[in-house]
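# Fold and contact review
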2 protein chains.
Amino acid sequence: MKTFFEPETVAVIGVSARNDNLSRAIVRNLIEFDFKGIIYLVGPKGGVQFGRRIYRSVVDIPDRIDLAIILTPASTLPELMEQLGEKGVKHAVVESAGFREYGKEGKAIEEEMVNVAKRYGIRFIGPNCIGVINNHNGLCVPFTPFKNVYKKGGVTVISQSGGVGMSYLNALASEAIGLRCFAAIGNKIDVDENDLIEYFLSDDLTEIIVLYLEGISDGKRLMKLAMTAKKPILVHKSNTGKLGSHIAASHTASLSSDDAVVDAALRQCGIARFYKPEQLVNYLKSLPLPRIKGNKLVVISRSGGHAVISTDECERHGFTLAQLPEPFFREIEKHFRAKVIALQNPLDLGDLFDMDVYKKIIERTLREDTVDGVVFLHTFVSQTEGAKSRELIEQVADISMKVGKPLTICVETENSESASLKRDVSHPIFTVVEDAINSLALSRDFGMGYIEPAQPPELDVDFKIAQDIISICEKENRDPMLDEAMAIFKAYGLPTLPAKIAKTEDEAAFLAKELGYPVVMKVVAPQVSHKTDLGGVQLNLKTEEGVRNAWKEICNSISCACPSAQIEGIMIQPMAKTGPELILGGKEDRNFGPCILVGVGGIFVEIFKQASTRIAPFSKNAAFDMINSLSVAPILNGARGQKPYDVDSLVDSLLRICRLKLDFPQIAEFDANPVRVRPKGEGCVVLDARIILTR
Amino acid sequence: MKTFFEPETVAVIGVSARNDNLSRAIVRNLIEFDFKGIIYLVGPKGGVQFGRRIYRSVVDIPDRIDLAIILTPASTLPELMEQLGEKGVKHAVVESAGFREYGKEGKAIEEEMVNVAKRYGIRFIGPNCIGVINNHNGLCVPFTPFKNVYKKGGVTVISQSGGVGMSYLNALASEAIGLRCFAAIGNKIDVDENDLIEYFLSDDLTEIIVLYLEGISDGKRLMKLAMTAKKPILVHKSNTGKLGSHIAASHTASLSSDDAVVDAALRQCGIARFYKPEQLVNYLKSLPLPRIKGNKLVVISRSGGHAVISTDECERHGFTLAQLPEPFFREIEKHFRAKVIALQNPLDLGDLFDMDVYKKIIERTLREDTVDGVVFLHTFVSQTEGAKSRELIEQVADISMKVGKPLTICVETENSESASLKRDVSHPIFTVVEDAINSLALSRDFGMGYIEPAQPPELDVDFKIAQDIISICEKENRDPMLDEAMAIFKAYGLPTLPAKIAKTEDEAAFLAKELGYPVVMKVVAPQVSHKTDLGGVQLNLKTEEGVRNAWKEICNSISCACPSAQIEGIMIQPMAKTGPELILGGKEDRNFGPCILVGVGGIFVEIFKQASTRIAPFSKNAAFDMINSLSVAPILNGARGQKPYDVDSLVDSLLRICRLKLDFPQIAEFDANPVRVRPKGEGCVVLDARIILTR
């Protein structure tokens, strides 16, 4: 990977002497950024540009070529790759478009290109990308003109979209945050985000990796890389919903995966996910500061109104205002010339105008034991207080670093003044109170991903029974039926209610008596998934007459609602005791593999739409966390004098569900729903089950 | 009010020849903004400033004075007001601080000042404010130096904080949004936000009123003004939480009112509430555009990545991507030079570089029937495409206005280029995709406040019974007890369970038999509010023995948990049938008067913390809306094949609760909780009640 960013010689392929030639911008960028290597130009028509010869082919260049930058029509790529191979070039950035993102024809060209590249062992970034930048050696090869306005620094940006990547670069430039490298990966057919993450994790100059992704190439590898990373990784994963999926599919031919799974996976491996450029900027600006170690802030403000707003924001982000002791206030009070504003936190500087005193107050506050961080809101007019303010800011920034607690400085001044402060001062400067507090919150919360070794406990399960049932289903090319699914869950130690299948009305009456009234009846039919909706369920039947009527009603409802359904029988179960209902389940995610969820269950699962997801395997503690993150957790744990429910048994069931999924990768989707939870000590019980196999 | 903003003569009081004199900045601002009236300077030491005489007193000025601007120590104010009175000055802006916001001493001075002002009929803005601006006549009197960088326009800003007001002004300046007037109202002791709102609603040059408030002076008047307003009113009401309230109390001596009530009240009268400056800016930028009439957008983008992000944002904000018909695409296709990107919505302009074609595509899309609005994401480099882009933007902006559908333009270019576009183009220019979509959403949602004539239906209630009970309680200086509260609700037509109070264990056994088993027992004691928590409730008692045991247990629990409680008896009720539980209740809000809520009830009311609030009175439709906005609404309305519950009876009860509150203003707080809802046709029933009176 290193050669992509540290080449000694570069060939720009696709240059012509024409005015509207796009490749000229690539060369111009290399010159503008003062590239430290040697630049060669290539174009079929030859000629001269920028005082340099345009070679007709890369093979004509009388030098070794480390990296080729290609911007020519898609159709020329297979032939060009062939030439690179002959010449011994091993690395290329393909900026051309017109491949798989534009249908069959493009896909065929793409495959040909990939084959040639493989044959010669050529690695390439792209196609359909705007290129790469190394801000430390001047390698800047996008095909749009760039200005060299980027501070040198430690932020590396990897983007699946050139346009969005440019937005990030603009944001870095206007906040004067230092850039290390940039790579637009486009269709990422060969080199993908994981290859680059791996490289930049080992790159000494990269301090943080920021990604924009529309699709994730290999979720498992991404998680593995992130789990061992010693640098923060931030991801904006777009393409989250239903509306977006078809565009991304054709835009960079990426497929969107279930967003909840992405979210769970990223959190699990410690990757911070952001959604808006302002969050990225706020987080990046928190990095130079000492990390906040607690929740107690002091707000020091010249403007009372901003102090009030900052208090709202503190509360919104889970901060508290530090309690300051009396001696602190007595000491501060000495410094006040006039005593117009009450001494409290937020500390309103009111009509105190002496910057030296500000410095003393800020230092004293940072050193106070009960304080974890300080927010300084400084309103000033550059004309009268610009120079003094700048001096103050630099001094208190130093103090913050020395004391080891974050000081967030937010200025309210003319736009030109704040822009120049951002440029000149190494300490981050905010201009919006909300951003300053958000930055502290992000630095507190990001990278707090729960990276724990996934050590699921040993569980006693009957693999053989489950395997036998699943084998039969696979042989018969069908999914397990209700009773089979229940039997599989039972084999894995999940508590299930006894259940028998009746094939006839008489048999139903007989089985109901055997199991004991009251009973529940549920249709068993491979085509019927949402049984309740279609009238396939009858509850609390207390007599034989009730059971016989229910038999007729269920058969009628199902044959009306779903004429194609083959009713295999009706399941008879004893009526379960009441209790909150949950869903335990999971699926095989294309990208991240087995994932498991627990959520609010029963018939309301789709109304509340609340579930907690993890990638398997996970530990017992993680299972507890999953349940405790649900909104029903306070109820489960016994709210307001009510008895707590049996969360332990729910956790055990969750771990067994997880084990089942890991043992049988052929399970595509499955759930136990509802699982009814009984008071502590009485366990939980699976009332209904569904297993769908991969065919 | 007009004189505050359109004076012909102004006296700036507090000017001296000293260098650090703050009032000098006021005069400098008037000069910088080219004030169209006459400026006089006043200061006790006399002298000369800016080539003008400093009069020793306002009475010495040989001219009529329309408006006095005062920045002198608080202690001088009573005397100064006296002088204004003598001189016949009727309007003043008091920028001095040191009044009620700084304790007793300041409050005394303030009262004296107010008395003098009243005696002479002087109206004043402030104290403790930074002043006012009229951007159309150059009246600019803040005591910090301002630069004249504001476009003339229709936005009037009223702010309780000078600092926050300046933030808004900076935001307007950097987005080149036109300013009409600005007023910082500080402690708002005389002139308050309502006085100014009333004035600016009638001011021809004001198109929109933006407020920053930490406390609301008179909620009822605010609602009345807003309900008849023909201009949008936007409010940032800060000081929302517990952390903030004590600062605001001392900062501008405003008291914070319950935020949920504020929220309900603002919505009810059509005021749009915003929380961050960026929301304000996004909304203001939507105003010049035709208002969006539906939810169907088309995104036209040069950058595929931004198109994907915009799709995520569309979904988040409840927009859909318009379905475009085949003939539309066939027509568009004609214009594409190369056919690299698939034709769909978002429409990726891909490698099409002809701005004339862009114009045609945008116009064609705007004119398409199925399209409500268009988002145009334009990525360009100023050096090569700046001039052409500017021309395009102006042309398509015109088309949007002609067609009468909003076109939101978001540019991705150098910061300097986007800044100059914002300045020069009258159409709003966005630089962040998220903001562009947010702007359309705000324009759709804001001002959709449900301003409806509050016509509660006629209800048959027994006022007399309720009045008698309340009178007795008032005479005895206590709150109604449980059985009295139930009787009051019953008198107002709320369905309640029969309930009897037992004074002894034997009586309890007797009453239980009379009411019929199973029964519920609840302690009746004025000191015990959260009965369940303290063991004061026993459910589902089926036998006399159970009742007798329950009696002992309740008495024991209560005397342990709350030794000071006087047990007046224990209420015996038949056990109610099951069903979802809600809370209906209300309170007298200091600011907005009677407000009523419905929420998730029972013992989980404080876990879910979900309620819908309105200011009384309201209509039957509003009552339905309140219930339907709860997360449990789908359950109440019959989700997934379940029977619906009796929402009609719940609505009826809500209206009766509302009527009760309106009839008895002395009710400080009250609730029926839980109210259990039965299936449709079976009504609902109040199981427990609490009424607290104002003493």
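Residues numbered from 1 in each chain as written. Chains lettered and ligands numbered in written order. Predicted model: local features only at pLDDT ≥ 70, side-chain atom pairs only at ≥ 80, totals over all residues. Heavy atoms only, no water.

### Details of the pattern of salt bridges
For the structure shown, the criterion picks out 98 salt bridges over all chains. Between Arg316 of chain B and Glu313 of chain B there is a salt bridge; the shortest N-O distance is 2.7 Å. One end of the pair is Arg316 of chain B and the other is Glu313 of chain B, both in helix α11 (residues 304–316) and 3 residues apart, which spans about a single turn. Take Glu313 of chain B: its relative accessible area is 4%, and that puts it in the buried class. Where Lys500 of chain B meets Glu514 of chain B, a salt bridge forms, and the shortest distance between an N and an O atom there is 3.3 Å. Of the two residues, Lys500 of chain B sits in strand β21 (residues 500–502) while Glu514 of chain B sits in helix α19 (residues 505–515), which places them 14 residues apart along the sequence. Here the residues in one salt-bridge network are Arg123, Asp190, Asp192, Asp195, Glu198 and Arg221 of chain A, joined through shared partners. (Salt bridge = Lys/Arg side-chain N within 4 Å of Asp/Glu carboxyl O. Helix = DSSP H or I, 4+ residues; strand = E, 2+ residues; numbered from the N terminus. Buried < 20%, exposed > 50% of the residue type's maximum accessible area, 1.4 Å probe, protein only.)

### Notes on the domain arrangement of chain A
Structurally, chain A comprises domain 1 (1–128), domain 2 (149–285), domain 3 (288–445), domain 4 (463–574) and domain 5 (581–693). Taking only C-alpha atoms into account, the centre of domain 3 of chain A sits 45 Å from that of domain 5 of chain A. (Domains from an automatic or database assignment.)

### Comments concerning the sheet that holds strand β6 (residues 91–94) of chain B
Residues and elements named next belong to chain B. Sheet architecture is open: 7 strands sit in the order β3-β4-β2-β1-β5-β6-β7, paired in mixed fashion. The sheet is open, and its two edges are formed by β3 (48–49) and β7 (123–125), each paired on a single side. Sheet topology note: the strand β5 (residues 67–70)/β6 ladder contains 3 bridges and is parallel. Each residue of the ladder has a partner; that of Ile70, found in β6, is Val94. Along the sheet face, helix α2 (residues 23–32) touches β1 (9–13), β2 (38–42), β3 and β5 and points at about 155° away from the line of β1. Along the sheet, helix α3 (residues 77–87) contacts β1, β5, β6 and β7; its crossing angle with β5, the most-contacted strand, is approximately 165°. (Pairing = 2+ DSSP bridges. Contact = heavy atoms within 4.5 Å. Axes fitted to C-alpha atoms, helices over the stretch in contact; angles between N-to-C directions.)

### A word on the pairing of strand β4 (residues 52–55) of chain A
Where strand β2 (residues 38–42) of chain A lies against β4 of chain A, 2 bridges are found, and the strand directions are parallel. Residue pairing across strands places Val42 of chain A opposite Tyr55 of chain A, the latter belonging to β4 of chain A.

### Here's the deal with the sheet that holds strand β9 (residues 139–140) of chain B
Residue and element names in this part refer to chain B. Spatial ordering of the open sheet is given by β9-β8-β11-β10-β12-β13-β14, a layout of 7 strands whose pairing is mixed. Edge strands, defined here as strands with exactly one partner in the open sheet, are β9 and β14 (272–273). The pairing of strand β10 (residues 152–159) with strand β12 (residues 208–213) spans 5 bridges and is classified as parallel. Across the sheet, Ser159 pairs through a bridge with Tyr212, a residue of β12. Here helix α6 (residues 193–201) sits on the sheet in contact with β10, β11 (179–184), β12 and β13 (233–237), set at roughly 170° to β12.

### Some thoughts on a negative patch on the surface
All names here are of chain A. Taken together, Asp354, Asp356, Glu391, Glu394 and Asp398 make up a surface patch of like negative charges. At 3 residues, the largest contribution of residues to the negative patch is made by helix α14 (residues 382–403). Its place among the elements puts Asp356 in helix α13 (residues 355–367). (Patch = residues over 30% accessible without salt bridge, like charges linked within 9 Å, V, L, I, M, F, W, Y side chains within 5 Å. Areas by Shrake-Rupley, 256 points an atom, 1.4 Å probe, with all protein chains shown as cover. Lys, Arg positive; Asp, Glu negative; His and termini not counted. Charge placed at Lys NZ, Arg CZ, Asp CG, Glu CD.)

### Points about the environment of Phe510 of chain B
Residues and elements named next belong to chain B. Position of Phe510 relative to the elements: it lies in helix α19. Judged by its relative accessible area of 54%, Phe510 is exposed. A C-alpha to C-alpha distance of 8.5 Å links Phe510 and Glu544, two positions 34 residues apart in sequence.

### Observations concerning the packing of helix α11 (residues 304–316) of chain A against helix α16 (residues 433–445) of chain A
All names here are of chain A. Running from N to C, α11 and α16 cross one another at 35°; their axes reach a closest spacing of 9 Å. Crossing angle aside, the handedness with which α11 passes α16 is right-handed. Taken together, the residues of α16 that come into contact with α11 (itself represented by His306, Ile309, Ser310, Glu313 and Cys314) are Val433, Glu434 and Ile437. Partitioned by chemical class, the residues of the contact of α11 with α16 number 4 nonpolar, 2 polar and 2 charged. (Left-handed = near helix turned anticlockwise from the far one by under 90°. Nonpolar A, V, L, I, M, F, W, Y, C, P; charged D, E, K, R; others polar.)

### Topic: unusual backbone geometry
In the segment running from Gly126 of chain B into Pro127 of chain B, the intervening peptide bond is cis, with an omega of 0°. Cis peptide bonds are those with omega within 30 degrees of zero, and the linkage from Asn673 of chain B to Pro674 of chain B qualifies with 0°. Checked against the element boundaries, Pro674 of chain B lands in strand β28 (residues 667–677). Despite not being glycine, Asn128 of chain A shows a phi value in the positive range, around 65°. Checked against the element boundaries, Asn128 of chain A lands in the loop between β7 (123–125) and β8 (132–134). By relative accessible area, which is 19% here, Asn128 of chain A ends up buried. Within the chain, Asn239 of chain A stands out as a residue other than glycine whose phi angle is a positive 65°. Structurally, the position occupied by Asn239 of chain A is in the loop between β13 (233–237) and α8 (242–251).

### Re the packing of aromatic side chains
All chains considered together, the criterion is met by 22 aromatic pairs over all chains. Plain terms: the ring middles of Phe5 of chain A and Tyr199 of chain A are 5.9 Å apart, the flat faces sit at 10° to each other, and that makes the pair stacked. Pair noted here: Phe5 of chain A is in helix α1 (residues 2–5) and Tyr199 of chain A is in helix α6 (residues 193–201), with a separation of 194 residues, a long-range link. Judged by relative accessible area, Phe5 of chain A falls into the buried class, the value being 0%. Considering the side-chain rings of Tyr492 of chain B and Phe664 of chain B, the 6.2 Å spacing of their centres and the 70° angle between planes classify their relative orientation as edge-to-face. In this pair, Tyr492 of chain B is assigned in the loop between α18 (482–491) and β21 and Phe664 of chain B in the loop between α24 (647–663) and β28, connecting sequence segments 172 residues apart. Assessed through its relative accessible area of 0%, Tyr492 of chain B is described here as buried. Put simply, the rings of Phe5, Tyr199 and Phe200 of chain A pair up and form one aromatic cluster. One Lys or Arg, Arg53 of chain A, reaches over the ring of Tyr55 of chain A and ends 5.9 Å from the middle of that ring. (Phe/Tyr/Trp six-rings, centres within 6.5 Å; stacked < 30°, edge-to-face > 60°. Lys NZ or Arg CZ within 6 Å of the ring centre and 35° of its normal.)

### Considering α24 of chain B
Residues and elements named next belong to chain B. Here α24 is 17 residues long and its end C-alpha atoms lie 24 Å apart, about the 24 Å a rise of 1.5 Å per residue gives. Most of α24 is tucked away, with 12 of its 17 residues classed as buried. Within α24, the full set of buried residues consists of Val647, Ser649, Leu650, Val651, Ser653, Leu654, Leu655, Arg656, Ile657, Cys658, Leu660 and Lys661. (Expected span 1.5 Å × (residues − 1).)

### So, helix α14 (residues 382–403) of chain B
Residue and element names in this part refer to chain B. At Lys388, α14 is deflected by roughly 30°, the largest bend along its length. Among the residues of α14, Ser382, Glu385, Gly386, Ser389, Leu392, Ile393, Val396, Ala397, Ile399 and Ser400 are the ones counted as buried. The inward-facing, buried residues of α14 abut α13 (355–367), β18 (373–379), β19 (407–412), α15 (415–424) and β20 (429–430). Just downstream of α14, Gly404 is the residue with a positive phi angle, here 80°. (Bend = angle between axes of the 7 residues up to and from the residue.)

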